[in-house]
Each structure stands twice: as structure tokens, then as C-alpha cells.
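# Examination of the molecular architecture
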Amino acid sequence: MTIENNVEAVTIRPLRAEDGEIAGEIFFDAVHHGTGEHYTHEQRTAWAGASPNPSGWRNRLVDVDGFMAELNGTPAGFMTIDASGYIDLAFVRPGALGMGVGWLLYRAIEARAEQLGVACLTTEASRKARPFFERQGWTVEREQRVVKRGVSLTNFRMTKWLSSLKD
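Residues numbered from 1 in each chain as written. Predicted model: local features only at pLDDT ≥ 70, side-chain atom pairs only at ≥ 80, totals over all residues. Heavy atoms only, no water.

### Comments concerning the sheet that holds strand 8 (residues 139–148)
Just so we agree on the cut-off: At least two DSSP bridges between two strands are required for those strands to pair. Runs of H or I in DSSP of at least four residues are treated as helices and runs of E of at least two as strands, each being numbered from the N terminus. Any two residues whose heavy atoms approach within 4.5 Å at even a single point are treated as in contact. Where helices are involved, their axes are fitted lines through C-alpha atoms of the stretch in contact, as for all axes, and angles between N-to-C directions lie from 0 to 180°.
Ordered by their spatial adjacency, four strands build an open sheet running 5-7-9-8, and the pairing between neighbours is mixed. What marks the edges here is a single partner per strand, and that holds for strand 5 (86–87) and strand 8. Of the pairings in the sheet, the one linking strand 8 to strand 9 (residues 151–161) comprises nine bridges and is antiparallel in character. By the bridge assignment, valine 140 is partnered in strand 9 with methionine 158. Packed onto the sheet, helix 2 (residues 41–48) meets strand 7 (120–126), strand 8 and strand 9 and runs at close to 65° relative to strand 9. This element, helix 3 (residues 101–116), spans strand 5, strand 7 and strand 9 of the sheet and lies at about 145° to strand 7.

### Notes on the pairing of strand 9
Successive residues of a regular strand alternate their side chains across the two faces of the sheet. The cut-off we apply is this: Residue exposure (1.4 Å probe, protein chains only): buried if accessible area is under 20% of the type maximum, exposed if over 50%, otherwise partly exposed.
Within strand 9, eight of the eleven residues are buried, which leaves it mostly tucked inside the rest of the structure. Sheet topology places strand 7 next to strand 9; seven bridges connect them, and they run antiparallel. Note that in strand 9 the partner of cysteine 120 across the bridge is tryptophan 161. Taking the residues that link successive antiparallel strands as the turn, the strand 8-strand 9 hairpin has two residues, and the phi of arginine 149 there is positive, at about 50°.

Listed below in C-alpha cells is the structure:
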């Protein structure tokens, strides 16, 4: 799936195990440079570490279902889904926001959920991601506090029923 405008072209492809290192870099960039208005420096460091750790992600995507978005051939975001419909990882580089990367990833995830026969999607969205998911028709079930490396962060348990599979 590809969308093009005057300058950028976004391509969505299946996520591969060998994408682990670049996914780690995207994760770090998204957390540290994309969530500053929602989380303190201490919270971002607890969440993603003090520096990128791509080698720590080397095996993170083995047997993980999801998609990678490339913007003009460069990885710009990724999203995962499991067999129950849980979206665990959903990250886009801050420099790629507003270019359709997240939206295209999400469309691919919904299509995959339907292939899996999933009736309800779930996630634990950050303060940054919550509005994105709400624009896709998701609802907040509850606000949560999670502790990462001894630091409390707020996220939101969210759900979305897929209309074609709800009944």
C-alpha cells in the first residue's frame, strides 16, 4: 500500500524480525522527541532509556505480527498486533507526523485484525497516542498508571469494536 503526494511517498510493508534495530531507533525517537508535551524527561527516560538501544530490540520482533511504514524508502514508523487484537507497539518518528504514516499503519492493522477474525481491538495508549486512536473511532475504557523503572506514567486502556465482526 502506497500513498504519494508532491514530495513524500509512504509505503506499508510487513514487519520483519530484522527490523528490530530500526524499530528500536524509531521507538526511542518517538518517545524522547515526540512526547515531550505529555511526559517529563524523567518519565521518557524511564519509558525508553537514556539512549537508543537498537541491539536490545534485535530479537524483539521475532514472531511479531505488524507493519513497517517507509517514507521515501526510509523506515518512519511501525505498529504491531497480536492474535487477540492487542496493539502493543505503535510508534512514528516525530519528523513523519502529519504525513499519513500512522493512519496507513493503522489501516493495515485493522485489515490484519479482520483477517485474524478479531472482533475487538485493544491497546494501552500513551497521552500522545490517545487522540490518534480516538480519531480512528476508539474509546477510552480507563486511565491507568504504569510504573517503568520506578517512575509512574499515565496511559489509557482503549478499545475499538470492528463493526463488520461485532455481531
